[in-house]
Amino acid sequence: MALPNAYGQYNNSKILTASPAELTLMLYEGAIKFCNIAIMAVENKDIEKAHTHIQKTERIIDYLRQTLDMKYPVAEHFERVYSYLSQRLIEANIKKDKEILEEINGHLRALRDTWKEVMKKGKE
């Protein structure tokens, strides 16, 4: 069964060779994925799974927040957005609230889509 190992090596290689912009995109994608899993877990009343995946989403947001370069004015905007998302994730985790998670996921998708546009413009 070399296939799972090959997939792991491919993913590791993808991360190691990605640009900073691509890594940021991967983080957004990961946060969306974990938030989706948390939503499904809440729907299925799997409290532990919901908690775990909300925390994974929180860790990604915290990492994005910590890596902001505050010498750029736009970083202040991202700081406010990430701060808001962090607060809402805590609230969603306490309440296991699907609607809050869906709101967060909408913001994450908007951030991801905006980031994709920035990446596209940067290549032009």
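Because the structure is a prediction, the values reported are computed rather than measured.

Caption draft 1: Expanded view of the overall build of the chain. Summing up its helical and strand segments, the chain has five helices and zero strands in all. Seen in sequence order, the chain has helices and strands lined up from the N terminus as α-α-α-α-α. Counting all 124 residues of the chain, 35% fall into the buried class. Long-range contacts, defined here as pairs at least 24 residues apart, represent 61% of the contacts in the chain between residues at least 6 apart. In the form shown here, the chain has an accessible surface area of approximately 8,200 Å², with 57% of it arising from carbon and sulfur atoms.

Caption draft 2: Helix α4 (residues 73-95), seen in detail. Here α4 is 23 residues long and its end C-alpha atoms lie 34 Å apart, about the 33 Å a rise of 1.5 Å per residue gives. Buried residues in α4 make contact with α2 (20-43), α3 (47-66) and α5 (98-123). Two residues or fewer past α4, Lys96 is found with a positive phi of approximately 50°.

Caption draft 3: Local environment of the environment of Leu16. Secondary-structure assignment places Leu16 in helix α1 (residues 3-16). Measuring from C-alpha to C-alpha, the distance between Leu16 and Ala92 comes to 33 Å, with 76 residues separating the pair along the chain.

Caption draft 4: Expanded view of the packing of aromatic side chains. This model, assessed by the stated rule, comprises one aromatic pair. With a centroid separation of 5.8 Å and 45° between ring planes, the pair formed by Phe78 and Tyr82 is classed as tilted. On the criterion of helical spacing, the pair formed by Phe78 and Tyr82 is a turn pair, its members being four residues apart in helix α4. Residue Phe78 shares its accessibility class with Tyr82, and that shared class is buried.

Caption draft 5: Highlighting the confidence of the model for the chain. Of the residues in the chain, 90% have a pLDDT of 70 or more, and the chain-wide mean is 92. Averaged over each element, pLDDT in the chain is lowest for α1 (66) and highest for α3 (98).

Caption draft 6: Structural detail: the packing of α2 against α5. Viewed as axis vectors pointing N to C, α2 and α5 meet at an angle of 160°, and their least axial separation amounts to 9 Å. When the axis of α2 is compared with that of α5, the two are roughly antiparallel. For the crossing formed where α2 meets α5, the hand is left-handed.

Caption draft 7: Highlighting unusual backbone geometry. Here Lys45, not a glycine, exhibits a phi torsion of approximately 60°, which is positive. Within the chain, Lys96 stands out as a residue other than glycine whose phi angle is a positive 50°. When you line up the elements, Lys96 lands in the loop between α4 and α5.

Caption draft 8: Main features of α2. Under the 1.5 Å per step criterion, the end-to-end length of α2 is 35 Å for 24 residues, consistent within 8% with the ideal 34 Å. Of the residues flanking the end of α2, it is Lys45, one or two places downstream, whose phi is positive at about 60°.

Rules behind the numbers
- Residues numbered from 1 in each chain as written.
- Predicted model: local features only at pLDDT ≥ 70, side-chain atom pairs only at ≥ 80, totals over all residues.
- Heavy atoms only, no water.
- Helix = DSSP H or I, 4+ residues; strand = E, 2+ residues; numbered from the N terminus.
- Buried < 20%, exposed > 50% of the residue type's maximum accessible area, 1.4 Å probe, protein only.
- Contact = heavy atoms within 4.5 Å.
- Areas by Shrake-Rupley, 256 points an atom, 1.4 Å probe, with all protein chains shown as cover.
- Expected span 1.5 Å × (residues − 1).
- Phe/Tyr/Trp six-rings, centres within 6.5 Å; stacked < 30°, edge-to-face > 60°.
- pLDDT = per-residue confidence, 0-100.
- Axes fitted to C-alpha atoms, helices over the stretch in contact; angles between N-to-C directions.
- Parallel < 35°, antiparallel > 145°, perpendicular 65-115°, else oblique.
- Left-handed = near helix turned anticlockwise from the far one by under 90°.

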